[in-house]
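# Observations on chain architecture
Listed here are the chains, written in short residue letters.
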Amino acid sequence: MKRHVVIAFVYAVAAMACGVFYREFTKFSDFTGVTALGKVHTHLFMLGMVVFLLVALFDAKLSLRQSKLYKPFVIVYNIGVPLASVMMLVRGVLQVAGVTVSAGADGAVAGISGVGHVVTAAGNSVVLRDAAGRAEGEKGGAV
């Protein structure tokens, strides 16, 4: 459980750093519009901190670490969330700076961010499927 809380703490610190960066960078650039930078903070808090705090709770109740799917979840999920977040940061910095990129580069940023989101979802489905199976097994055994 301690490992999950540490990972959640790292995501919380990253989320706060991204929130400060968003606020200061947009203020420094006199930018008042909507940008992807504003969503990185929330993504890291929800997909990072909150999910790993929930995993800590599930692990305490259902011993998720005992599952053969636990390690793939941690690896896959911790690739997906940072990948999506970094690409959202790139997109936001380009938006705030007013940099016009080619259609190919724009598509690459969107595509890599999308891959990060898909990898995150894949990691989530692994642990959720396993947790549901364990909860069902626990429920069935109790009857």
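Up top is the structure these notes are about.
In what follows, the accompanying structure is described. (Residues numbered from 1 in each chain as written. Predicted model: local features only at pLDDT ≥ 70, side-chain atom pairs only at ≥ 80, totals over all residues. Heavy atoms only, no water.)

### Quick look at helix 1 (residues 2–28)
Taking 1.5 Å of rise per residue, 27 residues should cover 39 Å, and helix 1 covers 39 Å from first to last C-alpha, within 8% of that figure. When we look at burial in helix 1, the residues that qualify are His 4, Ile 7, Ala 8, Tyr 11, Ala 12, Ala 15, Cys 18, Gly 19, Phe 25 and Thr 26. Turning to helix 1, the residues buried within the fold contact helix 2 (37–62) and helix 3 (70–97). Backbone geometry just downstream of helix 1 places Asp 30 in the positive-phi region, at approximately 55 degrees. (Helix = DSSP H or I, 4+ residues; strand = E, 2+ residues; numbered from the N terminus. Expected span 1.5 Å × (residues − 1). Buried < 20%, exposed > 50% of the residue type's maximum accessible area, 1.4 Å probe, protein only. Contact = heavy atoms within 4.5 Å.)

### Some points on the environment of Tyr 77
Within the element layout of this structure, Tyr 77 appears in helix 3. Along the backbone, Tyr 77 and Ala 121 are 44 residues apart, and their C-alpha atoms lie at a distance of 7.7 Å. With near-sequence residues (within four places) excluded, Tyr 77 lies in contact with Tyr 11, Leu 47, Val 51, Phe 52, Pro 72, Pro 82, Thr 120, Gly 123 and Asn 124.

### A look at helix 2
For helix 2, built from 26 residues, the straight-helix expectation of 38 Å at 1.5 Å per residue is met to within 8% by its first-to-last C-alpha distance of 36 Å. Along helix 2, the sharpest change in direction is near 25 degrees and occurs at Val 51. Taken together, the buried positions of helix 2 are Leu 37, Val 40, Leu 44, Gly 48, Val 51, Phe 52, Val 55, Ala 56, Asp 59 and Leu 62. Just past helix 2, the residue Ser 63 takes up positive phi, approximately 50 degrees. (Bend = angle between axes of the 7 residues up to and from the residue.)

### Describing the packing of helix 1 against helix 3
The N-to-C vectors of helix 1 and helix 3 enclose an angle of 5 degrees; their axes lie 12 Å apart at closest approach. Between helix 1 and helix 3, the interaxial angle falls into the category roughly parallel. For the pair formed by helix 1 and helix 3, the contact residues are Arg 3, His 4, Ile 7, Tyr 11, Cys 18, Phe 21, Phe 25 and Thr 26 on the first element and Tyr 70, Val 74, Tyr 77, Asn 78, Val 81, Pro 82, Leu 89, Val 93 and Val 96 on the second. (Axes fitted to C-alpha atoms, helices over the stretch in contact; angles between N-to-C directions. Parallel < 35°, antiparallel > 145°, perpendicular 65-115°, else oblique.)

### A word on the pattern of salt bridges
In total, this model carries 4 salt bridges according to the counting rule given. The closest approach of N and O atoms between Arg 91 and Asp 106, which form a salt bridge, is 2.2 Å. Residue Arg 91 is located in helix 3, and its partner Asp 106 is located in helix 4 (residues 103–142); the two are separated by 15 residues in the primary sequence. Using a relative accessible area of 33% as the deciding quantity, one classes Asp 106 as partly exposed. Several salt bridges converge on common partners, so that one network encompasses Arg 23, Glu 24 and Lys 27. (Salt bridge = Lys/Arg side-chain N within 4 Å of Asp/Glu carboxyl O.)

### Overview of the side chain of Ser 85
Note on placement: Ser 85 falls in helix 3. The buried category is assigned to Ser 85, whose relative accessible area is 5%. Reaching out from Ser 85, the side chain makes a polar contact with the backbone oxygen of Val 81 at a distance of 2.9 Å. Beyond its immediate sequence surroundings of up to four residues, Ser 85 is in contact with Val 40 and Leu 44. (Polar contact = N/O pair within 3.5 Å; in protein donor to acceptor, adjacent residues only side chain to side chain.)

### With respect to a nonpolar patch on the surface
A contiguous nonpolar surface patch, about 470 Å² in accessible area, is contributed by Val 6, Phe 9, Val 10, Val 13 and Met 16. You can see Val 13 is positioned in helix 1. The class for Val 13 is partly exposed, based on a relative accessible area of 39%. (Patch = residues over 30% accessible without salt bridge, like charges linked within 9 Å, V, L, I, M, F, W, Y side chains within 5 Å. Areas by Shrake-Rupley, 256 points an atom, 1.4 Å probe, with all protein chains shown as cover.)

### Things to note about the nonpolar core
Most often, soluble globular proteins have nonpolar side chains that are buried together. Tyr 11, Leu 44, Phe 52, Phe 73 and Tyr 77 are the most contacted members of the largest nonpolar core, which has 19 residues in total. Those elements that provide at least two residues to this core are helix 1, helix 2 and helix 3. (Core = buried A, V, L, I, M, F, W, Y, C linked by side-chain atoms within 4.5 Å.)

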